[in-house]
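Architecture and fold: a report
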Amino acid sequence: MALEKDVFMNTYHRLPVVFTHGQGVYLFGADGKRYLDFTSGIAVNCLGYNYPPLVKAVAEQAEKLIHASNYFQSDTSVAFAERLVSAAGMTKVFFGNSGAEANEGACKIARKYSLMKYGAGRHTIVTLKGSFHGRTITMLSATGQDKFHKDFGPFTEGFRYIPCGDIEALDRALDGSAAGLLIEAVQGENGVVPQTRAFMSAAARLCAERDILLMFDEIQCGMGRTGSFLAATGYGVKPDVITLAKGLAGGVPVGAVLAGGKSADVLDVGDHGSTFGGNPLAAAAGLVVLETVDNQAFLKEIARKGEKITTAIRAWNCPSIKEVRGKGLMIGVDVAGDAWDIMTACLKRGLLVLSAGQNTLRFLPPYVITDAEIDAGLAVLRECL
Ligand SMILES: Cc1ncc(COP(=O)(O)O)c(C=O)c1O
């Protein structure tokens, strides 16, 4: 831990624990302790740790071929792409390595689509206040939170923010200068804030009427996290473009921008690229995640487990809990005190939870968590609260 301070740039407020390995929903520390995980590496390790089919697929692929570059074809990468577009109800995919990159790809699609059809000047991307879309300079611009708009300017122009749920503001923002609307169906970093059905329906209707691309950032809330494969599906809305990353390959880095209909073939040779994007190793891991998660019975269990957690917490009637929000295994709890203090208290008692802002706890447990493991985690949480 002392060496970490010397060698890393000081960008993370890390907790004082060093993990050596994981198994199921547990991480094991160099301190000899076992930690029950309600975080999934921030919505990444959706199948938990050391999940046998995932480990096997990655090990076998590593022995065959890790990477050859996008100059060449890969049967594993094509199989992954085919399975993913079919699961998401889209037509085409582009693979990068992270969520921010996926969102960059989405914005490029919206801007090129608009430029080709309507000419220059119609390039604004509308996003929501409280959103989080990544850390590249353009994705900081896309992120609708003032605290991200400092120190690194000049920022990319052409982004406009509106409040969540404000249909009138949406109507005004989607004017003749707009190319796309980028939305998280459930805002993650903002403390697990689901959009309303009315707002999502209005977004879909206005975008369709005005030929503005409807783009869903499903990086945190997609891949089954909310109990449907895409959070959008839960709203009965079909976007033009979807971005995924985090849980997509269960811990192996990969990001994806998917497009359907009129936006599927916007990007052409030379328009976009990535050295590592969707290489055979990531694809082998992603295939296992898709085979497991894109399954109605599995998704139903995610919804049930999430319901079990939120129902239990609400029933405590704990005075230090202000509000419980959740969809599937994506849960936010507003607390009276400092979320970081509660996180630290939970850590000391062997439970890993996340915060999202100063007064919100966030739980993103692995999908494979059992009822008994949920009960054990909740008992610790209750004691800490
Ligand atoms: C909704 C959303 N979009 C984009 C990102 C950025 O993803 P990455 O860190 O992989 O670039 C995140 C990360 O937290 C996210 O939650």
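First, a word on scope: everything that follows refers to the structure included in this document. (Residues numbered from 1 in each chain as written. Predicted model: local features only at pLDDT ≥ 70, side-chain atom pairs only at ≥ 80, totals over all residues.)

Some details on the packing of helix α10 (residues 296–315) against helix α12 (residues 371–384)
Contact pair α10 / α12: the axes reach a minimum separation of 11 Å and the direction vectors enclose 25 degrees. As the angle between them shows, α10 and α12 are arranged roughly parallel. Judged by the sense of rotation from one axis to the other, the crossing of α10 with α12 is right-handed. For the pair formed by α10 and α12, the contact residues are Lys305, Lys308, Ile309 and Ala312 on the first element and Asp371, Ile374 and Leu378 on the second. Residues that form the contact of α10 with α12 fall into these classes: four nonpolar, no polar and three charged. (Axes fitted to C-alpha atoms, helices over the stretch in contact; angles between N-to-C directions. Helix = DSSP H or I, 4+ residues; strand = E, 2+ residues; numbered from the N terminus. Parallel < 35°, antiparallel > 145°, perpendicular 65-115°, else oblique. Left-handed = near helix turned anticlockwise from the far one by under 90°. Contact = placed C-beta atoms within 7 Å. Nonpolar A, V, L, I, M, F, W, Y, C, P; charged D, E, K, R; others polar.)

Concerning the site of the ligand
Residues in close proximity to the ligand total 14 residues, the closest being Ser98, Gly99, Ala100, Ile219 and Gln220. At three residues, helix α5 (residues 99–118) tops the list of elements feeding residues into the shell around the ligand. The residue inventory of the shell around the ligand, partitioned by class, reads four nonpolar, seven polar and three charged. (Near = placed C-beta within 6 Å.)

Concerning the nonpolar core
Looking at soluble globular proteins, one finds that nonpolar side chains tend to be buried together. Leu181, Leu213, Ala256, Leu258 and Ala285 are the most contacted members of the largest nonpolar core, which totals 112 residues. Counting contributing residues, this core receives three or more from each of domain 1 (2–50 + 296–384) and domain 2 (53–293). The contacts of Ala256, once residues within four sequence positions are left out, are Leu84, Val93, Phe94, Phe95, Ala102, Thr243, Leu244 and Leu248. (Core = buried A, V, L, I, M, F, W, Y, C linked by C-beta atoms within 7 Å. Buried ≥ 20, exposed ≤ 12 C-beta atoms within 10 Å, placed from the backbone. Domains from an automatic or database assignment.)

Remarks on the sheet that holds strand β11 (residues 241–244)
Spatial strand order, β4-β12-β11-β10-β7-β5-β6: seven strands in an open sheet with mixed pairing. Strand pairing shows two members of the sheet lacking a second neighbour, β4 (92–96) and β6 (159–162), which therefore form its edges. The sheet shows a mean angle of 20 degrees between the axes of neighbouring strands, direction not considered. As paired elements, strand β10 (residues 213–217) and β11 share three bridges and run parallel to each other. Bridging across to β11, Asp217 finds its partner in Thr243. Sheet contacts for α5: β4, β5 (124–128), β7 (178–183), β10, β11 and β12 (255–259); angle to β12, the most-contacted strand, approximately 25 degrees. (Pairing = 2+ DSSP bridges.)

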